Amino acid sequence: MEDRKLTVRAVERALDILLCFTTRSDLGLTEIASQIGLHKSTVHRLMATLEDRGFVIRDAATEKYRLGIRIWELSAHMSRSDDPAILLLPAMERLRDRLGETVSLYLRDGGERIRIQAVQSDQAIRRVAPVGVRLPLSVGASSKVLMAFAADEDREELMNGPEWPVFIDPAVYLAQMEDIRVSGYATSYEEREPGAAAVSVPIMDRRGNIAAALSVSGPVSRLSQETLHEYAPVLKEAAVQMGLMLP
């Protein structure tokens, strides 16, 4: 039993190491050890195993690590016909071309949302939305959409969790969730990022459950609050068509 616990712990630590690369493309041993709270010698042993298996590559000149070819081999198998990030990409590109702003697709993962696909605006001044970024579920247009159409117990768990911002009144938040369910969309205006605005709608699957959040975002210089509300019907129309594309 003890050997099994040690094996599970080693696997958990190795996965924690790989997750460090979601925000940085290259990391040194000290940086990784600091992020996951382990001694450098322990991290060094785990990195050696990951390197032997091709999951990370070490740059001899900088002594920093980056993700290896095995990661790309695994991710290649995710590009199948039922993957929303691939399946909905052409429709997202058409929406970007129509509105001229960055289009993003989000899924909820536990207490966070993750951007699984993005089509960047072609305009010189734009909001860049990197794929793979994780964001809190408490603020932002897409976060509000994902929670408004989630199960009641999911909202309660979020609001009672340690990460819930003290400045958000639960009663006000729940009223906002109801408004979003009625209107079918959410907006944010410099709510999470200064100078950025967004409007988001749910993509519902064929069973009537929320599958993802679709958003359009850009600088407040172009996306006034009035413009966000004008864009909402366009997004809702696109989301309906995207929902029909899902299995």
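Source: prediction; values computed, not measured. By convention here, each chain's residues receive numbers from 1 onward along its written sequence. Only residues with pLDDT of at least 70 are given local features in this predicted model, and only at 80 or more are side-chain atom pairs given and counted; all residues enter the totals for whole chains, interfaces and linings. As a convention, hydrogens and water are excluded, and side-chain values are obtained from all of the structure's heavy atoms.

Peer 1: Is there a simple way to think about the domain arrangement of the chain in this case?
Peer 2: Bring the parts together and some accessible area is lost; that lost area is often taken as the interface size. Domain start and stop points were drawn from an automatic or database domain assignment. Here the chain is described as being made up of domain 1 (7-74) and domain 2 (80-242). Just the C-alpha atoms count here: the centres of domain 1 and domain 2 sit 32 Å apart.

Peer 1: Where do I start with the sheet that holds strand S1 (residues 27-28) in this structure?
Peer 2: Strands are labelled as partners when DSSP assigns at least two bridges between them. Here a strand is any run of E in DSSP of at least two residues, a helix any run of H or I of at least four, and the numbering for each starts at the N terminus. Strand order in the open sheet formed by three strands is S1-S3-S2, and the pairing between neighbours is antiparallel. Here the strands that pair on one side only, and so sit at the sheet edges, are S1 and strand S2 (56-58). Note: S2 against strand S3 (residues 64-67), three bridges, orientation antiparallel. Note on S3: the bridge partner recorded for Val56 is Leu67.

Peer 1: Just to check I follow, could you spell out the sheet that holds strand S7 (residues 186-189) for this structure?
Peer 2: Strands pair in a sheet through their backbones, by hydrogen bonds, and they do so in one of two ways: parallel or antiparallel. Here six strands make up an open sheet; going across it, the order is S6-S5-S4-S9-S8-S7 and the pairing antiparallel. Taken across any chain shown, the strands that pair with only one partner, and hence form the sheet edges, are strand S6 (134-136) and S7. The mean angle between the axes of side-by-side strands here comes to 30°, regardless of whether they run parallel or antiparallel. In this fold helix H10 (residues 225-245) packs onto S7, strand S8 (196-204) and strand S9 (210-219), with an angle of close to 25° to the strand it touches most, S8. What counts as an axis is a line fitted to C-alpha atoms, over the stretch in contact for a helix, and the angles between N-to-C directions run from 0 to 180 degrees. Note on contacts: a residue pair qualifies if any of its non-hydrogen atoms lie within 4.5 Å across the two residues.

Peer 1: Looking at this structure, how should I read the packing of helix H7 (residues 141-148) against helix H9 (residues 170-183)?
Peer 2: The packing of two helices is summarised by the inter-axis angle and the distance between the axes. Contact geometry of H7 with H9 gives a least axis separation of 9 Å together with a crossing angle of 85°. Here H7 lies roughly perpendicular to H9, going by the angle between them. Side by side, H7 and H9 meet where Lys144, Val145, Met147 and Ala148 of the first sit next to Tyr173, Gln176, Met177, Ile180 and Arg181 of the second. Amino acids outside the nonpolar list (Ala, Val, Leu, Ile, Met, Phe, Trp, Tyr, Cys, Pro) and the charged list (Asp, Glu, Lys, Arg) are all regarded as polar, and Gly is one of them. Here the residues of the contact of H7 with H9 are counted per class, giving six nonpolar, one polar and two charged. For classification, angles of less than 35 degrees are called roughly parallel, those exceeding 145 degrees roughly antiparallel, those between 65 and 115 degrees roughly perpendicular, and all remaining angles oblique.

Peer 1: How should H9 be read in this particular structure?
Peer 2: Because each turn of an α-helix spans 3.6 residues, side chains separated by three or four positions end up pointing in the same direction. Here a helix's expected span is defined as the number of its residues, less one, multiplied by 1.5 Å. The end-to-end C-alpha separation of H9 is 20 Å, in line with the 20 Å expected for 14 residues at 1.5 Å each. If you follow the buried residues of H9, they end up packed against H7, helix H8 (152-159) and S7. Measuring from the side-chain oxygen of the N-cap residue of H9 to the backbone nitrogen of Ala171 gives 2.8 Å; that N-cap residue is Asp169. Of the residues one or two after H9, Gly184 is the one with positive phi, at around 85°. Two N or O atoms form a polar contact when they lie within 3.5 Å of each other; inside protein one atom must be a possible hydrogen donor and the other a possible acceptor, and for residues adjacent in sequence the pair counts only when both atoms belong to side chains.

Peer 1: Mind showing me how you'd approach the nonpolar core here?
Peer 2: Generally speaking, soluble globular proteins have nonpolar side chains that are buried together. Nonpolar core, defined: a set of buried Ala, Val, Leu, Ile, Met, Phe, Trp, Tyr and Cys residues in which side-chain atoms within 4.5 Å join the residues together. Burial classes: relative accessible area under 20% of the type maximum marks a residue as buried, over 50% as exposed, and values in between as partly exposed (1.4 Å probe, protein chains only). Ranked by size, the top nonpolar core spans 29 residues in total, and within it Leu95, Val199, Ile203, Leu214, Val216, Leu235 and Met242 carry the most contacts. Broken down by element, this core gets its largest block of residues, eight residues, from H10. Ignoring anything within four residues of it in the chain, the contact list for Met242 reads Leu88, Ala91, Met92, Ile203 and Leu214. Leu137, Val145, Trp164 and Ala213 belong to the second-largest nonpolar core, a separate cluster that totals 18 residues.

Peer 1: Even after reading the chapter, I still don't get the pairing of S3, so can you show me in this structure?
Peer 2: Residues in a regular strand point their side chains to alternate faces of the sheet. Two elements, S1 and S3, share two bridges in a ladder whose sense is antiparallel. Considered in S3, the bridge of Gly28 is made with Lys64. In sequence, S2 turns back onto S3 through a hairpin of five residues, with Glu63 there showing a positive phi of about 60°.

Peer 1: Sorry if this is basic, but what is going on with the side chain of Arg96 here?
Peer 2: One can find Arg96 in helix H6 (residues 89-99). At 2.8 Å, the side chain of Arg96 and the backbone oxygen of Gln120 are in polar contact. In contact with Arg96, not counting residues within four places along its chain, are Glu101, Val103, Val119, Gln120, Ser121 and Asp122.

Peer 1: What should I look at first to understand the environment of Leu67 in this one?
Peer 2: You can see Leu67 is positioned in strand S3. A residue is classified by how much of its surface remains accessible, and Leu67, at 22% relative accessible area, is partly exposed. Counting along the chain gives 32 residues from Leu67 to Leu99, while the straight-line C-alpha distance between them is 35 Å. Residues in contact with Leu67, not counting those within four places in the same chain, are Leu18, Phe21, Ser25, Phe55, Val56, Ile57 and Trp72.

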